[in-house]
Amino acid sequence: MAASCPEGVPEAQDGKRRQFGNRFLNDPTRVFHHNAWDNVTWSEEQAAAAERKVQENSSQLVCPEKQVDYEVNAHKYWNDFYKIHENGFFKDRHWLFTEFPELAPSHNHVTDLPLENCKHRSSDDGPILTTEQHTCSCTSHGCETQVPSVEETVTQKLTHLEIHADEFPGSSATYRILEVGCGVGNTVFPILQTNNNPNLFVYCCDFSATAIELVKTNPEYDPSRCLAFVHDLCDEDQSYPMPKDSLDVVVLIFVLSAIVPDKMQKAINRLSGLLKPGGVMLLRDYGRYDMAQLRFKKGQCLSGNFYVRGDGTRVYFFTQGELDALFTAAGLEKSQNLVDRRLQVNRGKQLTMYRVWIQCKYRKPLVPSASQDVPAPHTT
């Protein structure tokens with residue numbers, strides 16, 4: 001569907017990557033002239049057809065016994081996925097520095113500056129012609145027997161560790177980033193490779209021990225600058241390896257959608273507690289009526305807009321309002337909440353694919369809100 005914006009915005013002359021959202025399809029006959037188009041407007045007919053498709057593929061739910069299996073054995077399904085795909089399924093997300101300058105070396109690491117509201121943008125994340133997957137990939141690696149390092153010991157004992165404000169991994173850093181659902185490091189390693197600031201420390205965790213093993217065996221992994229650890233975002237009994245009010249940035253890239261909707265609010269609440277006043281939570285995830293949602297068949301729906309893939313992993317498709325309710329109920333203030341409608345094109349096969357993502361930035365206020373601990377219902 002055509003957008004009412006000029007087509008063919010030129011690349012920046014300084015060689016730097018332009019922000020997403022600068023290529024618009026004004027003439028539908030030129031749809032196959034580029035691999036992707038930004039801020040695509042859906043017609044009423046297309047939106048209605050998408051809604052009908054979702055109603056159809058949601059009409060038959062997965063049986064309760066299988067739903068229990070997908071929840072109890074979620075770690076097994078993700079580990080199996082990583083073992084199959086290793087670290088070749090997703091590309092490193094260098095676009096993050098454009099969309100989220102908080103992660104870039106040029107970001108002010110001393111002063112917390114308010115985020116600017118941005119126009120609709122989009123990314124190249126996610127496979128195009130394969131079954132939709134959560135943005136991680138990994139495999140098991142054999143390793144020689146050796147004495148565990150201090151960093152490994154800390155990782156193994158996180159559940160029982162009492163974290164003190166003056167003694168924790170990365171305590172000497174002045175700027176700390178945590179990525180939740182890091183997979184094999186498609187976000188973490190670009191950050192470490194691009195940012196040489198000695199005062200930066202990056203934490204990364206994943207539900208899968210297999211994913212974390214791949215991160216640690218990557219030659220770019222440096223325990224003096226990064227701590228990778230296994231963590232279940234939904235397990236309230238598991239501790240994080242840093243105290244409350246200690247993080248500048250929390251990154252959630254296509255990970256919140258992988259957990260049961262009823263557990264999302266408590267997970268966000270805990271992550272909010274780790275942010276410093278003025279710290280920011282960054283999210284990019286699947287939006288309602290994304291191509292991946294429309295491709296599901298009957299019998300793959302677990303509940304409203306929540307599905308199971310053929311490999312046993314699960315995915316939820318959000319609206320802006322749902323994410324806003326989750327973040328604001330956790331005491332965070334909106335800096336950005338936008339829908340990214342992107343038309344991806346396979347020029348060789350003459351295929352068009354409509355993607356819908358949501359991108360958010362929510363900041364922890366300098367003065368806590370009186371209603372910060374009051375949860376809001378998660379609508380579906």
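Here the structure is a predicted model, which is why all the values come from computation and not from measurement.

Rules behind the numbers
Residues numbered from 1 in each chain as written. Predicted model: local features only at pLDDT ≥ 70, side-chain atom pairs only at ≥ 80, totals over all residues. Heavy atoms only, no water. Phe/Tyr/Trp six-rings, centres within 6.5 Å; stacked < 30°, edge-to-face > 60°. Helix = DSSP H or I, 4+ residues; strand = E, 2+ residues; numbered from the N terminus. Buried < 20%, exposed > 50% of the residue type's maximum accessible area, 1.4 Å probe, protein only. Core = buried A, V, L, I, M, F, W, Y, C linked by side-chain atoms within 4.5 Å. Contact = heavy atoms within 4.5 Å. pLDDT = per-residue confidence, 0-100. Polar contact = N/O pair within 3.5 Å; in protein donor to acceptor, adjacent residues only side chain to side chain. Salt bridge = Lys/Arg side-chain N within 4 Å of Asp/Glu carboxyl O. Pairing = 2+ DSSP bridges. Right-handed = clockwise from strand over helix to strand, strands pointing away. Axes fitted to C-alpha atoms, helices over the stretch in contact; angles between N-to-C directions. Parallel < 35°, antiparallel > 145°, perpendicular 65-115°, else oblique. Left-handed = near helix turned anticlockwise from the far one by under 90°. Nonpolar A, V, L, I, M, F, W, Y, C, P; charged D, E, K, R; others polar. Disulfide = S-S within 2.5 Å.

*Asks:* Sorry, what's going on with the packing of aromatic side chains here?
*Replies:* Remark: the centre distance and the inter-plane angle together describe each pair of aromatic rings, the angle taken between the planes. Tallying each qualifying case throughout the model produces 11 aromatic pairs. For the pair Tyr286 and Phe317, a centre-to-centre distance of 5.8 Å together with 55° between the ring planes defines the contact as tilted. Taken together, the positions of Tyr286 in strand E6 (residues 275-286) and Phe317 in the loop between strand E9 (314-316) and helix H10 (320-329) put the pair 31 residues apart, joining distant regions of the chain. Each member of the pair, Tyr286 together with Phe317, is buried. Relative to Phe317, the ring of Phe296 lies with its centre 6.3 Å away and its plane at 70°, an arrangement referred to as edge-to-face.

*Asks:* Would you explain the nonpolar core in this entry?
*Replies:* Grouped burial of nonpolar side chains is what soluble globular proteins tend to show. Counting 50 residues, the largest nonpolar core has Leu178 and Leu271 as the members making the most contacts within it. Excluding residues that lie within four positions of it along the chain, Leu271 makes contacts with Leu178, Val180, Leu233, Tyr240, Val250, Leu252 and Met281. Of all hydrophobic cores here, the second largest spans 36 residues; its members include Ala104, Ile177, Val215 and Phe254.

*Asks:* Help me understand the confidence of the model for the protein in this model?
*Replies:* Predicted coordinates in areas of low pLDDT are best not read in detail. Within the protein, residue pLDDT values average 77, and 65% of them lie at 70 or more. Per-element confidence in the protein ranges from a low mean pLDDT of 43 for helix H5 (residues 150-156) to a high of 98 for H10. Overall, residues 1-18 carries pLDDT values under 50, and its contacts beyond four positions in sequence, including any with other chains, amount to 33 contacts. Segment residues 109-163 is flagged for pLDDT under 50; beyond a separation of four residues in sequence, or across chains, it makes 171 contacts in the model.

*Asks:* Just checking my understanding: could you explain the side chain of Glu99 for this structure?
*Replies:* Within the secondary structure, Glu99 is located in helix H4 (residues 96-99). For Glu99, a relative accessible area of 0% corresponds to the buried category. A distance of 3.1 Å separates the side chain of Glu99 from the side chain of Gln359, its partner in a polar contact.

*Asks:* It is not clear to me how H10 should be interpreted in this structure. Could you clarify?
*Replies:* Working note: α-helix, 3.6 residues per turn, so residues spaced by three or four point in the same direction. Buried residues of H10: Glu322, Leu323, Leu326, Phe327 and Ala329, and no others. Just beyond H10, the residue with positive phi is Gly331, at close to 85°.

*Asks:* How should the pattern of salt bridges be read in this particular structure?
*Replies:* Opposite charge on two side chains allows them to pair when their charged atoms are near. Counting across every chain of the model gives 11 salt bridges. Between Lys263 and Glu71 there is a salt bridge whose closest N-O contact spans 2.6 Å. One end of the pair, Lys263, is in helix H8 (residues 261-274); the other, Glu71, is in helix H2 (residues 64-72), with 192 residues separating them in the sequence. Note on Glu71: relative accessible area 26%, which makes it partly exposed.

*Asks:* Please clarify how the environment of Leu343 should be interpreted in this entry.
*Replies:* One can find Leu343 in strand E10 (residues 333-346). Remark: the alpha-carbon pair of Leu343 and Thr41, spanning 302 residues in sequence, is separated by 9.6 Å.

*Asks:* Looking at this structure, how should I read unusual backbone geometry?
*Replies:* Peptide bonds are, in most cases, trans, and in most cases residues other than glycine have a negative phi. One non-glycine residue, Phe254, lies in positive phi territory at about 50°. With respect to the helices, strands and loops of the structure, Phe254 is situated in the loop between strand E5 (247-253) and H8. In the Ramachandran plot, Asn305 falls in the positive-phi region, its phi being about 65° despite a non-glycine side chain. Secondary-structure assignment places Asn305 in the loop between strand E7 (301-303) and strand E8 (306-308).

*Asks:* Hey, could you run me through the pairing of E6 in this one?
*Replies:* The two faces of the sheet receive side chains in turn, since in a regular strand these alternate between them. With respect to burial, E6 is a largely interior element, 11 of its 12 residues being buried. Bridging between E5 and E6 involves six bridges; their strand directions are parallel. Bridged to Val249 within E6 is Val280. Handedness of the crossover is the feature at issue here: the chain leaves E5, passes through H8, returns alongside E6, and the resulting connection is right-handed.

*Asks:* Would you mind showing me how to read the sheet that holds E7 here?
*Replies:* Strand pairs in the sheet, formed through backbone hydrogen bonds, run parallel or antiparallel to each other. Spatially, E7-E8-E9 is the arrangement adopted by the three strands of the open sheet, whose pairing is antiparallel. Two strands bound the open sheet, and with one partner strand each, they are E7 and E9. Along the sheet, successive strands turn relative to each other by an average axial angle of 30°, direction set aside. Bridge count for E8 against E9 is three bridges, and the pairing is antiparallel. From the neighbouring strand, Val308 faces E9, where its bridge partner is Arg314.

*Asks:* Help me understand the packing of H8 against H10 in this model?
*Replies:* One can describe the packing of H8 onto H10 by two numbers: an axis separation of 8 Å at closest approach and a directional angle of 45°. Of the possible angle classes, the one that applies to H8 and H10 is oblique. Here H8 and H10 pass one another in a crossing that is right-handed. Residues Met264, Gln265, Ile268 and Asn269 of H8 lie in contact with H10, whose contacting residues are Ala325, Leu326, Phe327 and Ala329. When grouped by side-chain class, the residues that make up the contact of H8 with H10 number six nonpolar, two polar and no charged.

*Asks:* Just to check I follow, could you spell out the state of the cysteines for this structure?
*Replies:* Disulfides are covalent bonds that connect the sulfur atoms of two cysteines. Per the stated rule, a full pass over the model turns up zero disulfides. In this structure Cys204 is not part of a disulfide, and its nearest cysteine sulfur, from Cys226, lies 3.9 Å away. Take Cys204: its relative accessible area is 0%, and that puts it in the buried class.

*Asks:* Quick question: what am I supposed to make of the pairing of strand E3 (residues 200-206) here?
*Replies:* The element E3 is largely enclosed, with a buried count of seven among its seven residues. For the crossover that starts at strand E2 (residues 175-180), traverses helix H6 (residues 188-194) and ends in the parallel E3, the hand is right-handed. Sheet topology places E3 next to strand E4 (residues 226-230); five bridges connect them, and they run parallel. Bridge pairing links Tyr203 to Leu227 in E4. Each parallel crossover has a hand, and for E3 linked through helix H7 (residues 209-217) to E4 it is right-handed.

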